[in-house]
Amino acid sequence: MNKFIPKYHFRKGLRHECEVIDLEHFCANNRKIILKPHRTNFNQLFYFHKAKGIHTVDFEDITLADNSLLFAPKDTVHRFDDKAEVSGVLLLFTDSFFCSNSQDSILLRNCVLHSNITQSTLIHIPEQNTVFENVFGQIYREFDNEKDSVQADILRNYIRLLLLHFIREQISLPIFRNQSDNQDLELVRAFEDMLEQHYNSSPQVAYYCQSLNVTEKRLQTATRNILDQSPKEIIKDRIVLEAKRLLVYSSDSVKEISFRLGFDEPTNFTKFFKKSTGKSPMDFRSSQKND
């Protein structure tokens, strides 16, 4: 098989690596792209005014709905189904544009982690909440102005405001309610941050506990409270996700994938994958060929 997932880069020639575009127009003019699995090297915040159909994010089907938000970080594999009909606004921005300091990097990372914690849940915006509509309007108006020495900072401030309100809406979801404090959440965020960097080299819970300076019991309490999963299950899910991505969107052999994911022997990877998914790696790859 010679199948690779296409990766799209932020288009050149714009004054900033930040853009707000009409979602209905974008989808109509890029239908061949958005209906196929793809990645981008930039972040995308979808603000759906009207929406129906399915948006698949890393093999998870998300049912679209009116007046909602969906954050797709860079390198996420996603696509719309062919029956999707959407209107609204799409914000595109790169890490290099937005992350002008360490606080911005932390904010963006927190937004990504919250998305992981809520499993890419679509965020429904109450009708009385006009913040997103207002801020997107401000961004549109700012792009109508001539470029000057402060325009980039103004746009970053608008993005900060959008992301902060996005996180506010996320933490109002039931999964975050009834938390007496945020210590468990902070620990889970730190754990998932480390996991994203080391899942293919350090699959043992003990490694993360030592690095985070907590006991396995403390980490397990936090992940159970926030995600209703054990640390071992979270690590397994992250490895399985990357295995699925490589099986479907690369031409690497099962042997090559097993080594990339840190397995000593391909047979060990095959047993792990089949136990986790109910299919062998090759059966899973074959089942996805025509999707």
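For the structure, check the block above.
Reading the values: rules and limits
- Residues numbered from 1 in each chain as written.
- Predicted model: local features only at pLDDT ≥ 70, side-chain atom pairs only at ≥ 80, totals over all residues.
- Heavy atoms only, no water.
- Helix = DSSP H or I, 4+ residues; strand = E, 2+ residues; numbered from the N terminus.
- Contact = heavy atoms within 4.5 Å.
- 1 Å grid on protein atoms, 1.4 Å probe; cavity = no way out; pocket = protein on both sides within 12 Å on 5 of 7 lines; lining within 4 Å.
- Points joined across faces, edges and corners; volume = space filled by probe spheres on them.
- Nonpolar A, V, L, I, M, F, W, Y, C, P; charged D, E, K, R; others polar.
- Core = buried A, V, L, I, M, F, W, Y, C linked by side-chain atoms within 4.5 Å.
- Buried < 20%, exposed > 50% of the residue type's maximum accessible area, 1.4 Å probe, protein only.
- Phe/Tyr/Trp six-rings, centres within 6.5 Å; stacked < 30°, edge-to-face > 60°.
- Lys NZ or Arg CZ within 6 Å of the ring centre and 35° of its normal.

Draft legend 1. Layout of the environment of Asp 82. For Asp 82, the position within the fold is in the loop between strand E8 (78-80) and strand E9 (85-93). Not counting chain neighbours up to four residues away, the residues in contact with Asp 82 comprise Arg 31 and Leu 35.

Draft legend 2. Spatial organisation of the layout of surface pockets. Here the second largest pocket is characterised by a volume of approximately 490 Å³. Every element with two or more residues in the lining of the second largest pocket is listed here: helix H10 (231-249) and helix H12 (266-277). At five residues, the largest contribution of residues to the lining of the second largest pocket is made by H10. Split into classes, the residues belonging to the lining of the second largest pocket amount to eight nonpolar, five polar and five charged.

Draft legend 3. Region of interest: the nonpolar core. Of all hydrophobic cores here, the largest spans 34 residues; its most connected members are Phe 191, Ile 235, Ile 239, Leu 261 and Phe 269. Going through the elements one at a time, helix H7 (183-198), helix H8 (205-212), helix H9 (216-227), H10, helix H11 (254-260) and H12 are the ones with two or more residues in this core. Look past the residues within four positions of Phe 191 in its chain and what remains in contact with it is Tyr 208, Leu 212, Leu 219, Thr 223, Pro 231, Ile 234 and Ile 235.

Draft legend 4. How the structure looks around the packing of aromatic side chains. For the structure shown, the criterion picks out 14 aromatic pairs. Ring geometry for Phe 263 against Phe 272: centres 5.3 Å apart, planes inclined by 45°, an arrangement best described as tilted. Exposure class is identical for Phe 263 and Phe 272. Each is buried. By way of ring pairs, the aromatic residues Phe 59, Phe 263, Phe 269, Phe 272, Phe 273 and Phe 284 are connected into one cluster. Positioned above the aromatic ring of Tyr 199, the side-chain terminus of Arg 238 is 4.2 Å from the ring centre. If you follow Lys 244 out to its NZ or CZ, it ends over the ring of Phe 59, 5.8 Å from the centre.

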